[in-house]
Amino acid sequence: MIPLNGKILLSTLPKIGKDKVIRLSNNQNMPLPLRKSEVFILSGREVPSGFWGYITFNDQSQEYDAPDVPLLCLNSEMSHLTDGDIIRVSNDSKRVRVLYRKQSQHNFILLTEQCNHYCLMCSQPPKTQDDSYLVENTKDVLRLASRGSDEIGFTGGEPTLLGDDFINLVRLAESYLPETALHVLSNGRAFGDLEYARKLAEVRHHDLMIGIPIYSDAPEIHNYVVQSDNALDETVRGLINLSRFSIPIEIRIVLHNVTKDRLLNLAQFVSRYLPFVSQVAFMGLEMVGFARANKDLLWVEPDSYSSQLTEAVEFLSVRNISTSVYNLQLCLMPKALWPFMKKAISDWKNVYEPECNECDVRDKCGGFFSSHIYKKPINIRPVKL
Amino acid sequence: MSKFREESEFRAENTSPYSLLPFNFLKLNSGKYRVVTLAGDYTELDLVDLRALVDGELVAGSDLYLDLRSKGFIFDSLSKNNIALTSIKLRTKMAHVFHLTSLHMFVISLRCDHSCPYCQVSRQNIDSNDVFDMTESTADKALDVVFSSPSKYIKIEFQGGEPLLNFDLLKYIVRRAHKLNENYKRNLDFVIATNLAMISEEILEFCKQFGINISTSLDGPKALHNGNRPRPGKNSYEKTIKGINLCRDYLGREKVSALMTTSPNSLLQFREIVDEYLAQGFEGVFLRPLSPYGYAVKTKWAESYSIEEWLEEYKKVLYYILDINMSGHPFIEFYTALVAKRILKPSYTGYVDLQHPTGAGFSAFLYNYDGKVYSSDEGRMLAEMGDKSLCIGDLKQDSFLDLICSDQLKAQVGESFGYTSSSCEQCAYLPYCGSEPTRHHVLQGDFMGNKIYSPFCKRQMGVIGHVFELLENDSYRRILEAWAYDST
């Protein structure tokens with residue numbers, strides 16, 4: 001597990017009166033004019049001059065005889081930070097948050113914590129207070145992120161609640177990262193407004209995909225899961241509008257006790273009315289946020305729904321809809337499902353169990369969310385081929 | 001954290017009763033009913049449930065209720081989208097109506113070296129005077145019409161007679177179409193319907209250069225084929241097989257396809273026909289029944305077997321084909337695949353001969369050698385037999401707009417639309433079916449036809465019903481799904 005939040009042990013960085021988004025560098029030879037806006041990661045005794053600040057881990061700061069350089073000292077668990085990463089330093093100089101890791105394939109940028117859904121299993125429970133600073137942070141990240149990234153994500157909350165600001169962020173992503181795919185997690189309801197969908201299309205992002213959750217073909221079940229009336233109807237309307245503009249769509253289905261019974265019906269619903277979607281993702285439950293609070297309501301042993309899941313996945317895949325299964329362990333699922341199971345838990349929260357060391361397919365298995373300590377499937381066992 | 005709302009607060013019974021969306025149904029031998037929505041989604045119900053559905057007595061929230069609502073049989077206050085979803089799906093499935101004419105058949109010569117007794121065209125002797133060949137000026141006018149169609153896809157099919165007997169004009173048309181298309185920028189395709197007796201390396205070089213497809217006739221094993229398709233030298237089979245292989249050598253396997261026609265002699269040899277297609281390396285076969293036009297009428301071949309006999313043999317050989325697939329060798333019966341697509345897929349399936357309203361005219365025009373334009377291949381056959389009612393105009397004076405708006409075409413379209421056709425509107429299989437106005441016109445004197453006496457209807461009911469039966473068997477279902485989703 002790679003921590004993305006850290007305590008600041010000591011900061012002598014200049015105060016700017018608000019949070020500061022900064023990019024890290026370990027390039028001692030960076031041309032001087034560029035150093036003003038970067039923070040240098042100290043590794044040896046070398047302290048190249050001219051950087052906006054310097055970063056060090058734990059209490060190594062003692063070793064440097066340069067007390068007058070602006071210094072940020074973080075706990076050593078943050079020492080994974082490296083060249084090109086982007087962090088936010090809080091205004092009160094107490095905390096840093098990692099916004100972007102250059103080496104990671106899992107950079108999701110939080111656009112807002114506000115949401116018009118209140119999902120039973122939300123891993124990022126919504127908040128209501130003003131968080132518009134996140135939009136400004138995101139703009140900074142997009143301007144600073146390295147152009148080489150394959151993919152970045154926008155997440156929330158519900159990003160479309162930002163209205164035109166959301167469209168604008170997609171535009172910035174296209175302008176500053178013209179080779180990088182953009183994956184947006186949204187409930188899609190806002191696109192029920194054809195004009196809003198049109199605005200998004202008019203950005204002409206070169207590689208955009210909107211990941212939209214549908215938890216059931218039955219509106220009462222979907223609406224219950226997301227805790228909002230009319231949700232499924234509005235989401236489906238949004239999907240249809242997105243398809244009018246040929247914007248690629250991923251359908252996301254979180255697997256738990258409330259959603260597990262109608263997986264085939266849901267697959268049929270997708271093929272019947274939404275055959276234009278690019279891909280469908282079935283995802284195991286992540287035991288964080290509300291999912292932990294609603295554990296008794298939501299938890300179900302994944303192997304208990306494995307045959308229904310296999311049926312649904314095969315139904316879609318025969319129909320040429322690209323289908324994947326995430327966050328479940330190979331040992332709990334039939335081999336027929338293995339080709340669809342992807343290793344995709346974000347690296348910073350991906351762990352394995354002691355049993356896994358004995359397993360012949362550990363390397364192919366997605367493993368666990370670090371949060372699985374709150375609920376570990378009973379039948380986890382090493383697979384012997 | 002604020003409180004979560006209970007599941008019960010989201011249920012349908014808290015809101016309002018349900019309404020019906022359009023559907024038809026059909027009683028099965030089992031006593032159950034096959035119920036099919038306007039958009040082609042289907043289920044099976046027993047009489048009690050069917051009555052409950054119709055009478056508004058389904059229990060809200062029951063599994064049956066959720067299923068029927070999900071499939072678009074009903075909608076309630078939670079699923080108002082179902083109306084829009086049904087209309088979108090219906091519109092998708094009937095896309096041919098707004099794509100307009102994409103298939104353009106050019107009869108560039110009526111002359112032919114074969115003298116097949118079932119020929120649906122009134123062919124002319126190979127040495128006939130060239131009045132039976134299309135001229136360049138007629139071809140020019142036809143191409144003007146072709147590119148006036150708004151369709152993004154244009155397929156030009158060369159027909160005869162034997163079109164290779166007028167290869168110079170064929171080349172002229174292909175080159176000119178290419179030239180015109182630099183401006184119009186459509187997806188342009190060519191296919192030559194030929195018996196291959198006259199195929200040569202020179203012709204194939206030209207086909208390769210312009211990506212032209214070849215469609216030929218292969219009726220089955222040698223004796224059957226040569227019996228069905230006489231030509232001087234009695235060597236049609238040998239010439240066809242040699243031609244097929246030469247085409248593959250030059251153009252690639254997927255550029256060559258073959259069609260068979262069911263003569264009275266073929267009917268009891270379906271299995272041998274399938275074996276022949278397998279042996280010749282084809283990926284499937286299209287078991288077509290005879291159409292009652294042209295020489296097929298004169299020789300009474302069209303009446304020589306009943307549709308019931310055809311269906312029986314079709315089902316038998318289809319099991320044989322399914323077994324071949326189960327043994328691991330993919331091999332398609334294309335008509336079955338088309339019906340499976342119609343049942344399983346939400347998308348449009350573009351087969352001109354099975355549409356309602358009719359694909360004739362809407363999807364296809366035929367330009368005869370003499371400049372007359374017909375809405376279908378059959379139209380010109382009827383004209384040769386003296387019935388000009390399917391002639392929709394003449395290239396001498398008519399534009400695309402004149403042709404597509406002609407009274408003759410309007411009559412066919414109006415009477416071939418299933419939802420306003422008295423014997424189709426209540427049929428459960430209508431979303432999967434077509435219309436064949438020409439055949440009903442020939443057999444019954446009007447384009448709509450009374451389907452109770454229609455062999456077309458009998459065949460459709462038989463084939464569609466059979467495909468449904470096969471879908472209930474898991475192994476067969478997998479094969480049909482593969483046919484529906486893998487083939488184009």
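Given the structure is predicted, the values throughout are model-derived calculations rather than measurements. In every chain, residue numbers begin from 1 and rise along the written sequence. Each chain gets a letter, beginning with A, and each ligand a number, beginning with 1, in the order they are written. For a predicted model such as this one, the threshold for reporting local features is a pLDDT of at least 70, and the threshold for listing and counting side-chain atom pairs is 80 or more; totals across whole chains, interfaces and linings nevertheless cover every residue. Side-chain descriptors were evaluated using all non-hydrogen atoms of the structure, hydrogens and water having been removed beforehand.

Caption draft 1: Up close: the sheet that holds strand S14 (residues 287–288) of chain B. All names here are of chain B. DSSP calls a pair of strands paired once it identifies at least 2 bridges connecting them. For the purposes of this entry, the term helix denotes a DSSP run of H or I that reaches at least four residues, the term strand denotes a run of E that reaches at least two, and both are numbered from the N terminus. One open sheet accounts for nine strands, arranged S14-S12-S11-S10-S9-S6-S16-S17-S18; its pairing is mixed. The open sheet terminates on both sides in strands that have one partner only, identified here as S14 and strand S18 (391–394). Two elements, strand S10 (residues 187–193) and strand S11 (residues 213–217), share three bridges in a ladder whose sense is parallel. Bridge pairing links Ala193 to Ser215 in S11. Against the sheet, helix H10 (residues 270–279) touches strand S12 (256–261) and S14, its axis set at about 170° to S12. Throughout, a contact is declared for two residues whenever any of their heavy atoms are within 4.5 Å. Orientation is described by axes fitted as lines to C-alpha atoms, over the contacting stretch for helices, and by angles from 0 to 180 degrees between their N-to-C directions.

Caption draft 2: Looking closely at the packing of aromatic side chains. Residue and element names in this part refer to chain B. Ring pairs shown here join Phe, Tyr and Trp side chains whose ring centres sit within 6.5 Å, with only the six-membered ring taken for Trp; geometry is labelled stacked below 30 degrees between planes, edge-to-face above 60, and tilted in between. Throughout the structure, instances matching the rule amount to 31 aromatic pairs over all chains. Taken together, a centroid distance of 5.7 Å and an interplanar angle of 70° make the contact between Tyr18 and Tyr65 edge-to-face. With Tyr18 in the segment before strand S1 (19–20) and Tyr65 in helix H2 (residues 63–70), this residue pair connects regions lying 47 residues apart in the sequence. Like Tyr65, Tyr18 is buried. Arranged with centres 6.3 Å apart and planes meeting at 90°, the rings of Phe365 and Tyr367 form a pair that is edge-to-face. Think of it in three bands: with a 1.4 Å probe and only protein chains considered, a residue is buried below 20% of the maximum accessible area for its type, exposed above 50%, and partly exposed in between. For Phe365, a relative accessible area of 0% puts it in the buried group. In textbook terms, an aromatic cluster arises when at least three aromatic residues are bridged by ring pairs, as seen for Phe106, Phe158, Phe190, Phe365, Tyr367 and Phe400.

Caption draft 3: Quick look at the sheet that holds strand S15 (residues 341–342) of chain A. Residues and elements named next belong to chain A. The strand order S8-S9-S10-S11-S12-S13-S14-S15 describes an open sheet built from eight strands, whose pairing is parallel. With one partner strand each, in any of the chains shown, strand S8 (107–110) and S15 form the two edges of the open sheet. Here S8 pairs with strand S9 (residues 151–155) via four bridges, running parallel. Pairing of Phe108 across the sheet is with Gly153, part of S9. Running at roughly 145° to S8, helix H2 (residues 133–144) makes contact with S8 and S9 of the sheet.

Caption draft 4: Local environment of the pattern of salt bridges. Here a salt bridge means any side-chain nitrogen of Lys or Arg lying within 4 Å of a carboxyl oxygen belonging to Asp or Glu. Enumeration according to the criterion identifies 44 salt bridges over all chains in this entry. In this structure, Arg198(A) engages Glu195(A) in a salt bridge whose closest nitrogen and oxygen atoms are separated by 3.1 Å. Residue Arg198(A) and its partner Glu195(A) are both found in helix H4 (residues 194–202); the two are separated by three residues, about one turn of the helix. Here Glu195(A) falls in the partly exposed class, since its relative accessible area comes to 43%. For Arg176(B), the salt bridge identified is with Asp144(B), shortest N-O distance 4.0 Å. Of this pair, Arg176(B) sits in helix H6 (residues 167–184) while Asp144(B) sits in helix H5 (residues 136–146); the two residues are 32 residues apart in sequence, bridging distant segments of the chain. A relative accessible area of 27% means that Arg176(B) is categorised as partly exposed. One continuous salt-bridge network, built from bridges that share partners, spans Arg319(A), Asp474(B), Arg477(B) and Glu481(B).

Caption draft 5: Representation of the side chain of Glu378(B) in the model. Residues and elements named next belong to chain B. With respect to the secondary-structure elements, Glu378 resides in helix H14 (residues 377–384). The charged side chain of Glu378 is buried without a salt bridge, its nearest counter-charge being Arg439 at 7.0 Å. Within polar-contact distance, the side chain of Glu378 engages the side chain of Ser376 at 3.2 Å. We score Asp and Glu as negative and Lys and Arg as positive, and we do not count His or the chain ends. Counted as a polar contact is a pair of N or O atoms within 3.5 Å, where, for protein atoms, one must be capable of donating a hydrogen and the other of accepting one, and residues adjacent in sequence contribute only when both atoms are in side chains.

Caption draft 6: How the structure looks around the side chain of Glu174(A). Residues and elements named next belong to chain A. Following the sequence through the fold, Glu174 ends up in helix H3 (residues 164–176). The side chain of Glu174 sits in the buried core without any salt bridge; Arg204 is the nearest counter-charge, 9.3 Å away. Look past the residues within four positions of Glu174 in its chain and what remains in contact with it is Arg204, His205 and His206.

Caption draft 7: Seen up close, the domain arrangement of chain A. Residues and elements named next belong to chain A. Boundaries between domains were set according to an automatic or database domain assignment. What the domain assignment reports for chain A is domain 1 (5–97) and domain 2 (104–374). Each partner contributes to the interface: domain 1 provides six residues, whereas domain 2 provides seven residues. When two components associate, each loses some accessible surface as probed by a 1.4 Å sphere; the sum of these losses over both components is called the buried area. Carbon and sulfur atoms make up 62% of the surface buried where domain 1 meets domain 2, a total of about 560 Å² over both sides. Looking at the side of domain 1 that touches domain 2, the elements that each hand over two or more residues are strand S2 (20–25) and strand S6 (86–89). Per-element tally for the side of domain 1 that touches domain 2: the top contributor is S2, with three residues.

Caption draft 8: Spatial organisation of the environment of Pro126(A). Residue and element names in this part refer to chain A. Along the chain, Pro126 falls in the loop between S8 and H2. Along the chain, Pro126 and Glu158 lie 32 residues apart, while their C-alpha atoms are 8.8 Å from each other. Not counting residues up to four positions away in its chain, the partners in contact with Pro126 are Glu113, Cys115, His117, Tyr118 and Phe290.

Caption draft 9: Spatial organisation of the pairing of strand S4 (residues 53–57) of chain A. All names here are of chain A. Of all five residues making up S4, five are buried, and the element is well covered by its neighbours. The alternating pattern of S4 places Gly53, Ile55 and Phe57 and Tyr54 and Thr56 on opposite faces, both of which are buried. Direction of pairing for strand S3 (residues 38–41) relative to S4: parallel, over a ladder of three bridges. Pairing of Phe40 across the sheet is with Tyr54, part of S4. Sheet topology places S4 next to strand S5 (residues 71–74); four bridges connect them, and they run parallel. Residue pairing in the sheet places Phe57 in a bridge with Leu74 of S5.

Caption draft 10: The arrangement of the interface of chain A and chain B in detail. Contact residues are listed per partner, giving 30 residues for chain A and 29 residues for chain B. The largest contributions to the chain A side of the interface with chain B come from Glu220(A), Arg272(A) and Tyr273(A), which together make up 24% of the buried area. Between chain A and chain B we count five salt bridges in total. The tally of links between chain A and chain B comes to 13 residue pairs in polar contact (both at pLDDT 80 or more). When its residues are assigned to classes, the side of chain A that touches chain B shows 15 nonpolar, seven polar and eight charged. Just so you know the grouping, Ala, Val, Leu, Ile, Met, Phe, Trp, Tyr, Cys and Pro go in nonpolar, Asp, Glu, Lys and Arg go in charged, and all remaining residues, Gly too, go in polar.

Caption draft 11: View of the pairing of strand S6 (residues 103–107) of chain B. Residues and elements named next belong to chain B. S6 sits mainly inside the fold: five of its five residues count as buried. Of the two faces of S6, both are covered, the one formed by Leu103, Met105 and Val107 as well as the one formed by His104 and Phe106. Alignment of S6 against strand S9 (residues 153–159), held across five bridges, turns out to be parallel. Of the residues in S9, the one forming a bridge with Met105 is Glu157.

Caption draft 12: A look at the nonpolar core. Phe106(B), Ile156(B), Phe158(B) and Tyr367(B) are the most contacted members of the largest nonpolar core, which totals 113 residues. The dominant element in this core, judged by the number of residues it contributes, is helix H12 (residues 307–326) of chain B, at 10 residues. In this structure, Phe106(B) is in contact with Met134(B), Ala139(B), Ala142(B), Leu143(B), Val146(B), Ile156(B), Glu157(B), Phe158(B), Gln159(B), Ile173(B) and Tyr367(B), ignoring residues within four places of it in sequence. Membership of the second largest hydrophobic core comes to 78 residues, among which are Leu99(A), Ile109(A), Leu266(A) and Leu274(A). Working definition of a nonpolar core: buried Ala, Val, Leu, Ile, Met, Phe, Trp, Tyr and Cys residues. They are joined through side-chain atoms within 4.5 Å.

Caption draft 13: Just empty space enclosed by the protein, in detail. Buried and open spaces are told apart on a 1 Å grid over the protein atoms alone, a cavity being a set of points where a 1.4 Å probe fits but cannot get out and a pocket being an open set with protein on both sides within 12 Å along at least five of seven lines. Residues with an atom within 4 Å of a point are the lining residues. Grid points are joined across faces, edges and corners, and a volume is the space filled by probe spheres set on the points. Under the criterion given, the structure shown has six cavities of 30 Å³ or more. Within this model, the largest cavity holds a volume of roughly 190 Å³. Around the largest cavity, the lining is made up of 19 residues, and of these Leu285(A), Trp299(A), Pro302(A), Asn327(A) and Pro377(A) lie nearest the centre. Residue composition of the lining of the largest cavity, by class: 12 nonpolar, six polar and one charged. Lining the second largest cavity we find 15 residues, and of these Lys93(B), Met94(B), His356(B), Pro431(B) and Cys433(B) sit closest to its centre. When grouped by side-chain class, the residues that make up the lining of the second largest cavity number eight nonpolar, five polar and two charged. A domain split of the lining of the second largest cavity shows at least three residues from each of domain 1 (7–93) and domain 2 (99–332 + 348–404) of chain B.

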